[in-house]
Amino acid sequence: MRTLAAALVIALATQAHAFDLQGHRGARGLAPENTLEAFALALSIGVTTLELDLAVTKDDVLVVSHDRRLNPDHTRGPDGKFLDREGPPIRSLTLAQVKQYDVGRLKPGTAYAVSFPEQRPVDGARIPALTEVFDLVKRAGADHVRFNIETKITPTSGDETPDPETFAAAFAKAVRDAGLVSRVSIQSFDWRTLLAMKRIAPEIERVCLTAEALTLDTIKRGEPGPSPWLAGLDVDDFAGSVPRLAQSAGCAVWSPLYRNAKADDIAAAKALGLKVIPWTVNAPVDLERLIALGVDGLITDYPDRLRALLAAKNMPLPPQAAAR
Ligand code: G3P
Ligand code: CA
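Throughout, a residue's number is its position along its own chain's written sequence, starting from 1. The order in which chains are written sets their letters, starting at A; the order in which ligands are written sets their numbers, starting at 1. Local features in a predicted model are, by the rule used here, given only for residues with pLDDT of at least 70; side-chain atom pairs are given and counted only at 80 or more, and totals for whole chains, interfaces and linings are based on all residues. To get the side-chain values, take all heavy atoms of the structure and skip hydrogens and water.

S.K.: Quick question: what am I supposed to make of the packing of aromatic side chains here?
M.R.: Any pair of aromatic rings gets described here by the distance separating the centres and the angle formed by the planes. When the centres of two rings from Phe, Tyr and Trp lie within 6.5 Å, Trp using its six-membered ring, the rings pair. Their planes under 30 degrees apart give stacked, over 60 give edge-to-face, and anything left gives tilted. Throughout the structure, instances matching the rule amount to 3 aromatic pairs. Between Tyr 112 and Phe 116 the ring centres are 5.5 Å apart and the planes differ by 80 degrees, which places this aromatic pair in the edge-to-face class. A relative accessible area of 16% means that Tyr 112 is categorised as buried. We call a residue buried when its accessible area falls under 20% of the maximum for its residue type, exposed when it is over 50%, and partly exposed in between, using a 1.4 Å probe and counting protein chains only. A residue is classified by how much of its surface remains accessible, and Phe 116, at 7% relative accessible area, is buried. Relative to Phe 147, the ring of Phe 134 has its centre 4.9 Å away and its plane inclined at 80 degrees; by these criteria the two rings are edge-to-face. With Phe 134 in helix H5 (residues 130-139) and Phe 147 in strand E4 (residues 146-151), this pair connects stretches of sequence that are 13 residues apart. Residue Phe 147 is classed as buried on the basis of its relative accessible area, which comes to 1%. Two conditions define a charge located above a ring, namely a distance within 6 Å from the ring centre to NZ of Lys or CZ of Arg, and an angle within 35 degrees of the ring normal. One Lys or Arg, Arg 305, reaches over the ring of Tyr 302 and ends 3.5 Å from the middle of that ring. The helix count covers DSSP runs of H or I at least four residues long, the strand count covers runs of E at least two residues long, and both are numbered beginning at the N terminus.

Given below as structure tokens:
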């Protein structure tokens, strides 16, 4: 009876808090990215979804890291010194070895540190295993919180990541083992893992990430043949429509780079039944613009800013939760 009542409360909360407030890498603007400390902070601010990134260790443990190789911008070795260059691939280290590195502070003087002046260091913070993040949320009783988990793999990542099929299978097993299938989505720029997941665990929601920028173009419109990011699909076969492309890949959500999210494409995606959740939006003016265009959610390094905007608009807010 108690379980039924709790399920009803969660169902009503989910319905009422329809706008998807996603904390990017936890809350990268405020706490060290992809750490338990950042996820705990995001829970306390009150988010719908934790956004996070996955790598896989040598001993096949799913860990939460944006970078395939240890990132010198925020990684210190056991000697307490920042790495002076890119470190080894996580795939070449065991979990015990990964745990020797401190990722709790941005390296002073780097452009990366300058980008996040409000980030408060947490010395001693470690790269968490995915199961540690699931456990944190369970201990907090945050049963309303979802997980938007990105497979960090690229068409050229080679043996620095598992192959797409192995990656998706490990992901599906971890999510099933945790009993979180209904609260997890898999996102990727490399749609090979999405198509693999569609075969392995079709019940896990799939999110098509896209970027069309000078630094990263995963779509490659107008070029002969398909983009290597899109698992054999070619945008030019869909009259250049990225929403149609995402639908054809079997995604429920289209997550474009926020600068690519134009009114007509947002409307087209919604007409196709896709949710639209742009990334990574930090400036209030951009958050405002995209909310006004009717997006279903936003991924932000500053969940506090987005929450304040939603509150000012009298939009429903997700519950806050204290990590234990
Ligand atoms: O959720 C999408 C976003 O996280 C993708 O960009 O590089 O921050 O993982 P990145
Ligand atoms: Ca990500």
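There's more to say after this.
S.K.: Would you mind going over the coordination of the calcium ion (ligand 2) with me for this structure?
M.R.: Ideal geometry at a metal centre: 109.5 degrees between donors when four sit tetrahedrally, and 90 or 180 degrees when six sit octahedrally. Note: metal donors comprise N, O and S atoms at 2.8 Å or less from the metal (3.2 Å for Na, K and Ca); water molecules are not included, so apparent gaps in a site are possible. Distances from the calcium ion (ligand 2) to its protein donors, Glu 51 (OE), Asp 53 (OD) and Glu 150 (OE), fall at 2.2 to 2.3 Å. Within one chain, the residues serving as donors to the calcium ion (ligand 2) are arranged as E-x1-D-x96-E. Taken together, the residues span a long stretch of sequence, with Glu 51 in strand E2 (residues 49-56) and Glu 150 in strand E4 at a distance of 99 residues. Both residues of the pair, Glu 51 and Glu 150, count as buried.

S.K.: I'm lost on the side chain of Asp 301 in this one. Help?
M.R.: Here Asp 301 lies in the loop between strand E9 (297-300) and helix H11 (303-312). Residue class for Asp 301 comes out buried when judged on its relative accessible area of 1%. We define a polar contact as two N or O atoms separated by no more than 3.5 Å, with the added condition that, inside protein, one atom must be a possible hydrogen donor and the other a possible acceptor, whereas residues neighbouring each other in sequence contribute only through side-chain atom pairs. Of the polar contacts made by the side chain of Asp 301, one reaches the side chain of Asn 282; its length is 2.8 Å. Note on contacts: a residue pair qualifies if any of its non-hydrogen atoms lie within 4.5 Å across the two residues. Dropping the residues within four chain positions of it, Asp 301 is found in contact with His 24, Ala 27, Arg 28, Gly 29, Leu 30, Phe 116, Thr 280 and Asn 282.

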